[in-house]
Amino acid sequence: MPLPSTDRSAPQELARTPWPDISHDAWVLVPVGSTEQHGPHLPLDTDSVIARAVALRAARALASRPGGPPLVAPTLAYGSSGEHAGFPGTVSIGHDALGVVLVEMVRSLSLWARRVVFVNGHGGNTRTFDDAVGRMRAEGHDVAWTCCEAPGGDAHAGRTETSVMLHLAPADVRTHRAAPGDTRPLSAVLPELVARGVRAVSPSGVLGDPTGARAEEGRGVLEEMVRATVRRIEAGTVDHRGRLVDTAPHAPRRPQATGPDQTKTEH
């Protein structure tokens, strides 16, 4: 039987914690990702892996803050990924179903948790979060959400995500399959992508260029995501949609791999 960790800096994971050890005024980080294609070289759980990594590292950074350390809930691994439906392996529960799940999670968590923060790893979930979290805040729940952003990154399964996954889960990256997809800026492909799905724009499913991705670059991107997440949570400023707002001065933007400067977003 494994012994409990004595490392006070280690994040406390909700799923591995007995109920008497949970405070009635605890607060919870909930990573949310997706199960969807990420090109021929990245695993289907890429967004979930990244969201969980950001949540765990943010929890560690927040452990000594007033109010005590946050709990990290199990990752919600299914999201709204209909735009990737043309690829085998993708599992999308859609906007409506995801919205119900988020609402019921908040209502349940709020019976014992004083605060809930969702850490979203998939841009396709954005509309759902705006709707569901805004609704929960209107009901009086202390809930907010934030996303795992990489300023200057490419859109999907390109250099940005590939670098992060080479850092987090190198054994799951098929580097020999990594090849450029559609490298145009997201704004140029978005109309067709929305109308016909990702496969109509990029047969490989890649929006960007994963060649040249490096684990060390991925480590830097991940650290940047974690810093931004911690900064937003500590500031506690929330807009009308329930999004945590970064009120700090703009940090230097990371040089992009391809296309014009843009925040990584998956639609």
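Residues numbered from 1 in each chain as written. Predicted model: local features only at pLDDT ≥ 70, side-chain atom pairs only at ≥ 80, totals over all residues. Heavy atoms only, no water.

### A word on the overall build of the protein
- Assigned secondary structure in the protein consists of seven helices and five strands.
- What you see in the protein, going N to C, is helices and strands ordered as β-β-α-β-α-β-α-β-α-α-α-α.
- Per-residue burial over the protein gives 49% buried out of 267 residues.
- For the protein, restricting intrachain contacts to residue pairs at least 6 apart in sequence, the fraction spanning at least 24 positions comes to 79%.
- When the accessible surface of the protein is totalled, it reaches about 12,400 Å², and 54% of it is carbon and sulfur. (Helix = DSSP H or I, 4+ residues; strand = E, 2+ residues; numbered from the N terminus. Buried < 20%, exposed > 50% of the residue type's maximum accessible area, 1.4 Å probe, protein only. Contact = heavy atoms within 4.5 Å. Areas by Shrake-Rupley, 256 points an atom, 1.4 Å probe, with all protein chains shown as cover.)

### Description of helix 4 (residues 159–168)
- Of all ten residues in helix 4, seven are buried, a share of seventy percent or more.
- Burial in helix 4 covers these residues: Thr160, Glu161, Thr162, Ser163, Val164, Met165 and Leu166.
- Residues of helix 4 that are buried in the fold lie against helix 1 (46–61) and helix 7 (215–235).

### Considering the packing of aromatic side chains
- Counted under the stated rule, the structure contains two aromatic pairs.
- Considering the side-chain rings of Phe129 and Trp145, the 4.9 Å spacing of their centres and the 20° angle between planes classify their relative orientation as stacked. One end of the pair, Phe129, is in helix 3 (residues 126–138); the other, Trp145, is in strand 5 (residues 143–147), and 16 residues separate them in sequence. You'll find Phe129 and Trp145 in the same group, each marked buried.
- A cation sits over an aromatic face here: Arg199 above Phe87, 4.7 Å from the ring centre. (Phe/Tyr/Trp six-rings, centres within 6.5 Å; stacked < 30°, edge-to-face > 60°. Lys NZ or Arg CZ within 6 Å of the ring centre and 35° of its normal.)

### A word on the pairing of strand 4 (residues 113–120)
- Buried residues dominate strand 4, accounting for seven of its eight residues.
- Direction of pairing for strand 2 (residues 26–32) relative to strand 4: parallel, over a ladder of seven bridges. Directly across from Trp27, in strand 4, lies its bridge partner Arg115.
- Pairing geometry for strand 4 and strand 5, over five bridges, is parallel. Bridging across to strand 5, Val116 finds its partner in Val143. (Pairing = 2+ DSSP bridges.)

### Some details on the side chain of Thr90
- Its place among the elements puts Thr90 in the loop between strand 3 (71–72) and helix 2 (94–109).
- We classify Thr90 as buried; its relative accessible area is 18%.
- Among the polar contacts made by the side chain of Thr90, one reaches the main-chain amide nitrogen of Gln37 at a distance of 3.1 Å.
- Here Thr90 is in contact with Thr35, Glu36, Gln37, Leu44, Ser81, His84 and Ala85, once residues within four sequence places are set aside. (Polar contact = N/O pair within 3.5 Å; in protein donor to acceptor, adjacent residues only side chain to side chain.)

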